[in-house]
Amino acid sequence: MHVEGKLEYPFIVEGETQKNHLLLRLRTPANPTLTERKPIVIGLAIDKSWSMKGEKIDSVIDASCALVNWLTRHDSLSIIAYSADVQIIQPLTSLTEKISVTDRIRNIQVATSTNLSGGWLSALRTVEAANIPNAYKRVILLTDGNPTSGVKEPEALIQIAKDHLARGISTTTVGVGSDFNEAILMEIARAGGGNFYFVDNPEMASDIFFREFGDIGALYAQAIDINLELAPGIQFKELLNDIPHTMTEEIDEFQGNAFNVTRQKVNLQIGDLRADDIKSLVFKLEIDRSLKKMDGPLYQAKVTYYNLLNQMKLESVESELPLHYEKSQGKQDPDVLVEMIMADAAKGMRQITDAVKLNKLDEARAILAVLVHSIEKNKHFAPNSLGSLLSRLNSMDNKIQEKVANLSKHIFAGSSFISRGPEQIDTKDMNLHDDIFEYKTSGDIDLYKCPEMKAVVESKLSEGYRFMIFDMSDTAHIDSSAIGALIQIVGWLRKRGGEFVACNIRDSVKKVFEITRLYNHIRVEESLPEAKDILNRIIFAKQGESL
């Protein structure tokens, strides 16, 4: 992991009280050459109440079966179905044999009411009891209604999420349809260190599980802890990001001066971070006018985390930023400005969700308009990440104007997505191009072949490629490790504004794509010329959008 810091205005002016912002940025490598990733332990808690009957339960069952097939034989899964009672569909098992697991999922039948806490707690207990060294543990809680039995108070449900996160188990929540309480599910996910999703229609269930698997399967660091120590005279005023933090102060004496000043320390727990990802934190600072020139850095930061790709080894990295003095603060750094805008957008979305919940739609649109104006004015500084954010905000504005069904659920889901960070990484410092890299796979792709394949792709990423074709004519078999690798590669390319196409897939591999529903998420063409043609069309369209 790499950690760097920079100021909104790069210089300190002696004798003046100054406002400034500090950007602290964490970067993780795309495909670090470490030992294989740690095993994943997932608990699925599926609502089988009567209101789930029909397309809802069918789509959830299909998505759950796809998830089983994406996981590797090193991963484990338990499945709980709940209504008035709690039914253990599949006790925790390693996924060395998947057909019996998917058969059990397909036998889930709807029943009566919704004992949400019973199903969730059962899944949490099962996952917690897993005696699997160095495992990453997450429960996916799915419901289409409010709890009608068991624990129903929001505060108690949120506390369950907090308590289990402290024990190393995160919770993702998935709301289906129109009858669930989006505020409760979103708060459970935030407190539980997971994600919140809204399934508006049955077809979306598979997309949600695909995105969640991509999130879990690409995890790099867990339990990230940051200790930031500011120089004397640098005052911490606010963290623009919605992240738990504490601030302490201690007296620090300047040598050679007759006065004491406060040295502040800020501690943050930012949860997990995926490989090939960026986490940006923005601190609002005030620099006291009594600050004298001194040697030493503006801040010292120590970041500790468990490396999920290195047997949960506890690792740390340090960062500091020298103090520079000039007669003026200098020009505003556009990189810091962009991150301030992103943080303000996440904060604004929380205000918008509150306004929509109270049916104050004009107020919500007014807040949106301010955010959109700020992004449009500065979009040229980071066209990929800010452009993606702008599209989401405009889509939300359209939904508010149209007063679409389940409006508050759409807004809550959008708010949750934006708070996780931009869909695309900032590519302004990368030498990206639109050439197409063609890669012909050789032989079967399994656990042992995947590192070689990913290493080739990562090498091409470093050369600026973001459009790739995999010619799979020589491959007769792929296993779930290969599926996970393909999903990760697709994610790498799309985050850079690119795309992936597989072609010349043999019948045996087509069957795997069908079983795992990869056709719904990965582009597939019959031949190499057709693959080239579709990518050229995509490239042409993107070039038109940028004009």
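Quick caveat: nothing in here was measured; it's all calculated off a predicted structure. (Residues numbered from 1 in each chain as written. Predicted model: local features only at pLDDT ≥ 70, side-chain atom pairs only at ≥ 80, totals over all residues. Heavy atoms only, no water.)

This part is about the overall build of the protein chain. A tally of helices and strands in the protein chain yields 14 helices and 19 strands. For the protein chain, whose C-alpha radius of gyration is 25 Å, the value lies close to the compact-globule estimate of 24 Å for 547 residues. Overall size of the protein chain, expressed as C-alpha extent along the three principal axes, is 75 × 55 × 50 Å. Taking all 547 residues of the protein chain together, the buried fraction comes to 54%. Here the contacts in the protein chain between residues at least 6 apart in sequence split such that 77% fall between residues at least 24 apart. Element-wise, carbon and sulfur atoms account for 48% of the exposed surface of the protein chain, whose accessible area totals about 23,800 Å². Of the side chains in the protein chain, 63 bear a positive and 76 a negative charge, and the two mean positions are spaced by 1 Å. (Helix = DSSP H or I, 4+ residues; strand = E, 2+ residues; numbered from the N terminus. Rg over C-alpha atoms; globule rule 2.2 N^0.38 Å. Buried < 20%, exposed > 50% of the residue type's maximum accessible area, 1.4 Å probe, protein only. Contact = heavy atoms within 4.5 Å. Areas by Shrake-Rupley, 256 points an atom, 1.4 Å probe, with all protein chains shown as cover. Lys, Arg positive; Asp, Glu negative; His and termini not counted. Charge placed at Lys NZ, Arg CZ, Asp CG, Glu CD.)

Taking 1.5 Å per residue, 13 residues should reach 18 Å; helix H4 (residues 154-166) reaches 19 Å between its end C-alpha atoms and fits that length. Within H4, the full set of buried residues consists of Leu157, Ile158, Ile160, Ala161 and His164. Along the long axis of H4, the arc covered by the buried residues comes to 150°, so they all point the same way. In H4, the exposed positions that point more than 90 degrees away from the buried face belong to Glu155 and Ala166. (Expected span 1.5 Å × (residues − 1). Arc of directions from axis to C-beta.)

What follows covers the confidence of the model for the protein chain. Of the residues in the protein chain, 93% reach a pLDDT of 70 or more, and the chain-wide mean stands at 87. Every residue in residues 255-260 is under pLDDT 50, and counting partners more than four places away or in other chains gives seven contacts. (pLDDT = per-residue confidence, 0-100.)

Mapped onto the elements, Asp47 comes out in strand S3 (residues 40-47). One buried charged residue, Asp47, forms no salt bridge at all, with the nearest opposite charge on Lys56 at 8.1 Å. A distance of 3.2 Å separates a polar side-chain atom of Asp47 from the backbone nitrogen of Asp144. Discounting chain neighbours no more than four positions away, the residues touching Asp47 are Met52, Ile57, Tyr82, Thr114, Leu142, Thr143, Asp144 and Gly145. (Salt bridge = Lys/Arg side-chain N within 4 Å of Asp/Glu carboxyl O. Polar contact = N/O pair within 3.5 Å; in protein donor to acceptor, adjacent residues only side chain to side chain.)

Attention now moves to the nonpolar core. If you look at the biggest cluster of nonpolar residues, it comprises 69 residues, and the most contacted ones within it are Trp70, Phe470, Ile478 and Phe500. Those residues in contact with Phe500, other than ones at most four positions away along the chain, are Met468, Phe470, Leu486, Ile489, Val490, Leu493, Ile522 and Arg523. Judged by nonpolar contacts, the second largest core, of 37 residues, contains Leu22, Leu228, Ala231 and Ile243. (Core = buried A, V, L, I, M, F, W, Y, C linked by side-chain atoms within 4.5 Å.)

Counting through the fold element by element, Ser480 comes out in helix H12 (residues 480-495). Residues Ser480 and Val356, 124 residues apart in the sequence, show an inter-C-alpha distance of 42 Å. A polar atom in the side chain of Ser480 sits 3.1 Å from the backbone oxygen of Leu71.

All right, on to the pattern of salt bridges then. Applying the stated criterion across every chain, the model contains 34 salt bridges. Between Asp276 and Lys495 there is a salt bridge, with its nearest N and O atoms 4.0 Å apart. Of this pair, Asp276 sits in the loop between strand S12 (260-274) and strand S13 (278-287) while Lys495 sits in helix H12, and the two are 219 residues apart along the sequence. A relative accessible area of 6% means that Asp276 is categorised as buried. Two residues, Lys440 and Asp474, come together in a salt bridge whose shortest N-O distance is 3.8 Å. With Lys440 in strand S16 (residues 436-440) and Asp474 in the loop between strand S17 (467-471) and H12, the pair connects residues that are 34 residues apart, well separated along the chain. Salt bridges sharing partners connect three or more residues here, namely Lys6, Arg25, Asp333, Asp335 and Glu339.

Strand order in the open sheet formed by four strands is S1-S2-S13-S10, with antiparallel pairing between adjacent strands. Each of the sheet's edge strands pairs with one partner strand only, and the pair in question is strand S1 (2-7) and strand S10 (234-239). Ignoring strand direction, the axes of neighbouring strands in this sheet form an average angle of 30°. (Pairing = 2+ DSSP bridges. Axes fitted to C-alpha atoms, helices over the stretch in contact; angles between N-to-C directions.)

Here we take up the pairing of S16. Here S16 shows a clear split, with Phe437 and Tyr439 buried on one side and none of Ile436, Glu438 and Lys440 buried on the other. Examined bridge by bridge, S16 and S17 share five bridges and lie parallel to one another. Residue pairing in the sheet places Lys440 in a bridge with Asp471 of S17. The parallel pair S16 and S17 is bridged by helix H11 (residues 450-462), and the resulting crossover is right-handed. (Right-handed = clockwise from strand over helix to strand, strands pointing away.)

We now examine unusual backbone geometry. Backbone geometry at Lys403 places phi at a positive 50°, although glycine is not the residue there. Looking at the element boundaries, Lys403 is found in the loop between helix H9 (383-402) and helix H10 (407-419). Assessed through its relative accessible area of 61%, Lys403 is described here as exposed.

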